[in-house]
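One letter stands for each residue in the lines below.
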Amino acid sequence: MKAIIVHTADEKPVLNWEDVPDVTIRPNECLVTVRATAVNRADLSQARGNYPPPPGASDILGLEMAGEIAAVGADVTGWQVGDRVCALLPGGGYAEQAAVPGGMLLPLPEHWSFAQGAAVPEVWLTAFVNLFLEGKLQAGETALIHAGASGVGTAAIQLAKAAGATVYVTAGATHKLDRCRELGADLAINYKEQDFSAEILAVSDGVDVILDPVGAGYLARNAEVCRRFGRIVNIGLLGGAQAQINMAHVLRKRLTIIGSTLRTRPLAEKIAITTQFADRFWDQLLSGELQIVIDSQFPVEQAQQAHDYVAQNRNIGKVVLTVA
Ligand SMILES: NC(=O)c1ccc[n+]([C@@H]2O[C@H](COP(=O)([O-])OP(=O)(O)OC[C@H]3O[C@@H](n4cnc5c(N)ncnc54)[C@H](OP(=O)(O)O)[C@@H]3O)[C@@H](O)[C@H]2O)c1
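Residues numbered from 1 in each chain as written. Predicted model: local features only at pLDDT ≥ 70, side-chain atom pairs only at ≥ 80, totals over all residues. Heavy atoms only, no water.

A word on the environment of Ile 316. Tracing the backbone through its elements, the reader meets Ile 316 in the loop between helix H10 (303-311) and strand S15 (318-322). With a relative accessible area of 12%, Ile 316 lands in the buried category. Filtering out sequence-adjacent residues up to four positions away, Ile 316 remains in contact with Ala 149, Thr 154, His 175, Lys 176, Arg 179, Val 293, Ile 294 and Asp 295. (Helix = DSSP H or I, 4+ residues; strand = E, 2+ residues; numbered from the N terminus. Buried < 20%, exposed > 50% of the residue type's maximum accessible area, 1.4 Å probe, protein only. Contact = heavy atoms within 4.5 Å.)

Right, let's talk about the site of the ligand for a bit. Not every one of the 23 residues close to the ligand is listed here, only the nearest: Gly 172, Lys 176, Tyr 191, Ser 260 and Leu 262. In the model, an oxygen atom of the ligand is placed 3.0 Å from a nitrogen or oxygen of the Gly 151 main chain. When the ligand sits alone it has 920 Å² of accessible area, and the protein chains cover 88% of it. Cavity membership is defined here by more than half of the atoms lying within 2 Å of grid points; on that basis the ligand lies in the largest pocket. (Near = heavy atom within 4 Å. Polar contact = N/O pair within 3.5 Å; in protein donor to acceptor, adjacent residues only side chain to side chain. Areas by Shrake-Rupley, 256 points an atom, 1.4 Å probe, with all protein chains shown as cover. 1 Å grid on protein atoms, 1.4 Å probe; cavity = no way out; pocket = protein on both sides within 12 Å on 5 of 7 lines; lining within 4 Å. Sits in = over half its atoms within 2 Å of the grid points.)

Counting residues in hydrophobic clusters, the biggest one holds 90 residues, and the most contacted among them are Val 100, Leu 105, Trp 124, Leu 159, Phe 277, Trp 282 and Leu 285. It is helix H3 (residues 121-134) that provides the largest number of residues to this core, a total of eight residues. Domain assignment of the residues forming this core places at least three in each of domain 1 (2-120 + 292-322) and domain 2 (123-259). In contact with Trp 124, other than residues within four places in its own chain, are Ala 119, Ala 155, Gln 158, Leu 159, Phe 277, Leu 285, Leu 290 and Gln 291. Ranked by size, the runner-up nonpolar core spans 15 residues in total, among them Tyr 218, Ala 223, Cys 226 and Ile 232. (Core = buried A, V, L, I, M, F, W, Y, C linked by side-chain atoms within 4.5 Å. Domains from an automatic or database assignment.)

Turning next to the packing of aromatic side chains. Per the stated rule, a full pass over the model turns up nine aromatic pairs. Consider the rings of Phe 128 and Phe 277, whose centres lie 5.6 Å apart with planes at 65°: the pair is edge-to-face. With Phe 128 in helix H3 and Phe 277 in helix H9 (residues 267-287), this residue pair connects regions lying 149 residues apart in the sequence. For Phe 128, a relative accessible area of 2% gives the class buried. Given a relative accessible area of 1%, Phe 277 falls into the buried group. In this structure an aromatic cluster arises from ring pairing among Phe 128, Phe 132, Phe 277 and Phe 281. The ring centre of Phe 114 lies 4.9 Å from the NZ or CZ of Arg 84, which sits over that ring. Over the aromatic face of Phe 132 sits the side chain of Arg 280, whose NZ or CZ is 4.4 Å from the ring centroid. (Phe/Tyr/Trp six-rings, centres within 6.5 Å; stacked < 30°, edge-to-face > 60°. Lys NZ or Arg CZ within 6 Å of the ring centre and 35° of its normal.)

So, on to the side chain of Asn 130. Of note, Asn 130 is situated in helix H3. Here Asn 130 falls in the buried class, since its relative accessible area comes to 2%. Of note is the side chain of Asn 130, whose polar atom sits 2.8 Å from the backbone oxygen of Thr 126. When sequence neighbours within four positions are dropped, the list of residues in contact with Asn 130 reads Gly 135, Leu 211, Val 233, Ile 235, Ser 260 and Arg 265.

All right, on to the layout of surface pockets then. The space that makes up the largest pocket amounts to roughly 1,300 Å³. Forming the walls of the largest pocket are 50 residues, and the residues nearest its centre are Arg 41, Ala 42, Pro 213, Gly 236 and Leu 238. Counting only elements with at least two residues in the lining of the largest pocket, the list comes to helix H1 (41-47), H3, helix H4 (151-162), strand S9 (166-171), H10 and S15. No fewer than three residues from each of domain 1 (2-120 + 292-322) and domain 2 (123-259) sit in the lining of the largest pocket. Quantified by volume, the second largest pocket comes out at close to 660 Å³. Elements with a contribution of two residues or more to the lining of the second largest pocket: strand S6 (97-101) and H9. The dominant element in the lining of the second largest pocket, judged by the number of residues it contributes, is S6, at five residues. Split by residue class, the lining of the second largest pocket holds 19 nonpolar, eight polar and seven charged. (Points joined across faces, edges and corners; volume = space filled by probe spheres on them. Nonpolar A, V, L, I, M, F, W, Y, C, P; charged D, E, K, R; others polar.)

This is the structure in structure tokens:
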């Protein structure tokens, strides 16, 4: 089969679509012919050698895909050859075929394209697990979502609103802020022009849950802007890893700071998260009440261009790679 292989030239990653050995499946897995996958920020880090796959996972890029089942493992029940599916992966999506545990598969609805299916798993499950299972966001509370126009952010805004929360976001461009408001954000702050903590404290007494992919650059202000019992869920380090913080905010407001990754969780936990997400929100995704936000599509052979586009922060929502 063919897959994207990462080479290096002038110390930069170069992504090539080339022949690789065929995928084999374990008894608990299905072989899926991939029709679409999608770019995640983590793929850019992995291509640069900074985010290795967890032990046992494919070292091919790609954390999600949609396609058709080509073979069913001996221990898998409930799935048949030809079923249209999508799934979260620990790796291996940028390829013609992928091995996926049966428990991770979600049925791809008839009215969804493969591109739509590939745009769902990573960002919706990340937003879900971190807002609700880690952050324990409740109706009536306020969530602050940084990088609101990112893939994760566009899902998180909608999930938090659907759960009855007030939603504040930050983003770095006017058209991104407008899109966040269309998706339901109650307050959208341009972090390049305004201090988000000052803006929020000018209109409210703070927030309860923060979904934060920025890390160091935001930690002190995140703590400042939290209400009593606030939860800061860190999911990325776009703004660095070494931070200083006024611990008085943490102590006096009894804050919780949570670090969270999805990819490294045990399979059973990822299956449980997928099931809980589907139970609570799948119907709203099916009906279109929750929108799958796709920015653009590239043929997988142009994965390099897609990575460059994402690295330049040009996307709102997902960048999909189609596999012919
Ligand atoms: N922990 C996990 O399990 C997990 C899972 C999935 C994703 N993530 C993380 O979640 C984040 C979003 O992922 P994604 O794939 O949805 O990203 P994405 O679509 O590529 O969007 C990322 C956006 O972040 C903003 N940004 C970049 N550098 C920034 C900085 N230094 N300060 C503030 N904002 C910055 C940019 O938007 P602006 O134009 O608004 O600046 C950029 O477009 C990433 O950090 C990713 O690693 C974590």
